[in-house]
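Spelled out from the first residue to the last, the chains are:
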Amino acid sequence: MRIVGFICLLLVLCMSCGKSDYDHRGKTPLVELDGNFLYREDLQRVQPQNLSKDDSLLFARHYIRNWAEDILLYQQAQQNVSDDAEIEKLVSNYRKSLIIHAYQQALLQERLAERLTEEELLEYYTDNVEAFKAESPLVRGLFIKVPLTAPQLSQVRQWYKSERQDAVEHLEKYSLQHAVKYEYFYDRWMSAAEIGGWLPLKELNMDDFLKKNHHVELKDTAFWYFLNISEYIRTGEQLPYEVARLHVRDMLLNRRQVEFMNQVKSDLYREASDDGKIKYFEN
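Attention in this report is confined to the structure presented alongside it. (Residues numbered from 1 in each chain as written. Predicted model: local features only at pLDDT ≥ 70, side-chain atom pairs only at ≥ 80, totals over all residues. Heavy atoms only, no water.)

### Brief notes about the packing of aromatic side chains
Here's step 1: Tallying each qualifying case throughout the model produces eleven aromatic pairs.
Here's step 2: Each ring, one from Phe59 and one from Tyr63, has its centre 6.1 Å from the other, and the planes form 20°; the classification is stacked. Taken together, the residues Phe59 and Tyr63, both in helix H3 (residues 53–80) and four residues apart, mark about one turn of the helix.
Here's step 3: Ring plane angle 75° and centroid distance 6.3 Å describe the contact between Phe185 and Trp198, whose orientation is recorded as edge-to-face. Of this pair, Phe185 sits in strand S4 (residues 181–191) while Trp198 sits in the loop between helix H8 (192–196) and helix H9 (206–212), and the two are 13 residues apart along the sequence.
Here's step 4: Taken together, Tyr125, Phe132 and Tyr241 form an aromatic cluster joined through their ring pairs.
Here's step 5: Seen from the ring of Phe223, Lys145 lies directly overhead, with NZ or CZ sitting 4.4 Å from the centre.
Here's step 6: The residue whose ring lies beneath Arg157 is Trp224, and the NZ or CZ to ring-centre distance is 4.6 Å. (Phe/Tyr/Trp six-rings, centres within 6.5 Å; stacked < 30°, edge-to-face > 60°. Helix = DSSP H or I, 4+ residues; strand = E, 2+ residues; numbered from the N terminus. Lys NZ or Arg CZ within 6 Å of the ring centre and 35° of its normal.)

### Some words on the pattern of salt bridges
Here's step 1: Within this structure, the stated rule accounts for 18 salt bridges.
Here's step 2: By sharing partners, the salt bridges in this structure join Lys181, Glu183, Asp187 and Arg188 into a single network. (Salt bridge = Lys/Arg side-chain N within 4 Å of Asp/Glu carboxyl O.)

### Some points on the environment of Arg40
Here's step 1: One can find Arg40 in helix H2 (residues 40–46).
Here's step 2: For Arg40, a relative accessible area of 34% gives the class partly exposed.
Here's step 3: When the C-alpha atoms of Arg40 and Leu51 are compared, they prove to be 17 Å apart, with eleven residues separating the residues in sequence. (Buried < 20%, exposed > 50% of the residue type's maximum accessible area, 1.4 Å probe, protein only.)

### Regarding helix H5 (residues 118–127)
Here's step 1: Inspection of H5 places Leu121, Tyr124 and Tyr125 among the buried residues, and these make up the whole buried set. When H5 is viewed along its axis, its buried side chains cluster within an angular range of 100° and face the same direction. Structural note: H5 exposes Glu119, Thr126 and Asp127 on the side pointing more than 90 degrees away from its buried face.
Here's step 2: For H5, the elements touching its buried residues are helix H10 (241–274). (Arc of directions from axis to C-beta. Contact = heavy atoms within 4.5 Å.)

### Describing H10
Here's step 1: The terminal C-alpha atoms of H10 lie 46 Å apart, and with 34 residues this matches the ideal 50 Å at 1.5 Å per residue to within 8%.
Here's step 2: Residue His247 marks the point of greatest curvature in H10, where the axis turns by about 35°.
Here's step 3: Among all positions in H10, only Tyr241, Ala244, Val248, Leu252, Phe260, Met261, Val264 and Ala272 are buried.
Here's step 4: Residues of H10 that are buried in the fold lie against helix H4 (84–111) and H5.
Here's step 5: Within two residues after H10, Gly276 carries a phi angle of roughly 75°, on the positive side. (Expected span 1.5 Å × (residues − 1). Bend = angle between axes of the 7 residues up to and from the residue.)

### Regarding the side chain of Lys145
Here's step 1: With respect to the helices, strands and loops of the structure, Lys145 is situated in strand S3 (residues 138–147).
Here's step 2: Of the side chains with opposite charge, Asp220 comes closest to the buried, unpaired Lys145, at an N-O distance of 6.1 Å.
Here's step 3: If near-sequence neighbours (up to four positions away) are discounted, Lys145 is found in contact with Ala179, Val180, Lys181, Phe223, Trp224 and Tyr225. (Lys, Arg positive; Asp, Glu negative; His and termini not counted.)

### A few points about the environment of Asn128
Here's step 1: Inspection of the secondary structure assignment puts Asn128 in the loop between H5 and S3.
Here's step 2: As for Asn128 and Val248, which are separated by 120 residues in sequence, their C-alpha atoms are 9.1 Å apart.

### Here's the deal with a negative patch on the surface
Here's step 1: On the surface, Asp83, Asp84, Glu86 and Glu88 cluster together into a patch of negative charge.
Here's step 2: Take Glu88: it is sitting in helix H4. (Patch = residues over 30% accessible without salt bridge, like charges linked within 9 Å, V, L, I, M, F, W, Y side chains within 5 Å. Areas by Shrake-Rupley, 256 points an atom, 1.4 Å probe, with all protein chains shown as cover. Charge placed at Lys NZ, Arg CZ, Asp CG, Glu CD.)

Written out as structure tokens, the structure reads:
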């Protein structure tokens, strides 16, 4: 009964708000409090999907209650906070920062929209190569996990250690029928921590592990684990360009953005000085 009554109340509020001369700009008012309106579209935008009718109504009631309480608290605060000048100063500074940020973003999007070339990225990487070090170990290789009862294990032991095309093809065909997990990553760098998570080992230090192991064969009560490490990069070692490329791009783009905005501000200052807009007063 309460739910039905609440729905009726919302409908009445909608009808009463609809009769107002206030321009709602095409939105459907749900609730009004001292000239503040909550619209159906605003409520629908924040309401979670796939709620039952009862849960949807409960969410609406709580949202409307919080909306009204915020307005009432703000009104009460306005009556009791006396230092309006300081607040207005903070609001003005914040508004200025937002406007400057929006303008900067618009300028950057307009002026720096063109893509950085591969030559520019590679040149920046070469000139700043010491800035690109591995923060954690990376590996290239191959991994396969099979049940203890899997057939042809002696051949698997030969195939997984070899990077020859025929050995890889044999292993790929074998994995389709027998492997629980198969990963080929000779052609890309992967996080060593992620690879270590595939192995039945706890508290594994991958930097130390990579120094001692290139061909790994492990088993537990159910599976065999085979890992071949073809290349690895330990923590602190130089990142190859293909790994560092995205970081290079971000750094170069950020530098160009800073340089561009500094130039914009410098040009504005020079123009204002030339036009006599900046006036200095002596004591």
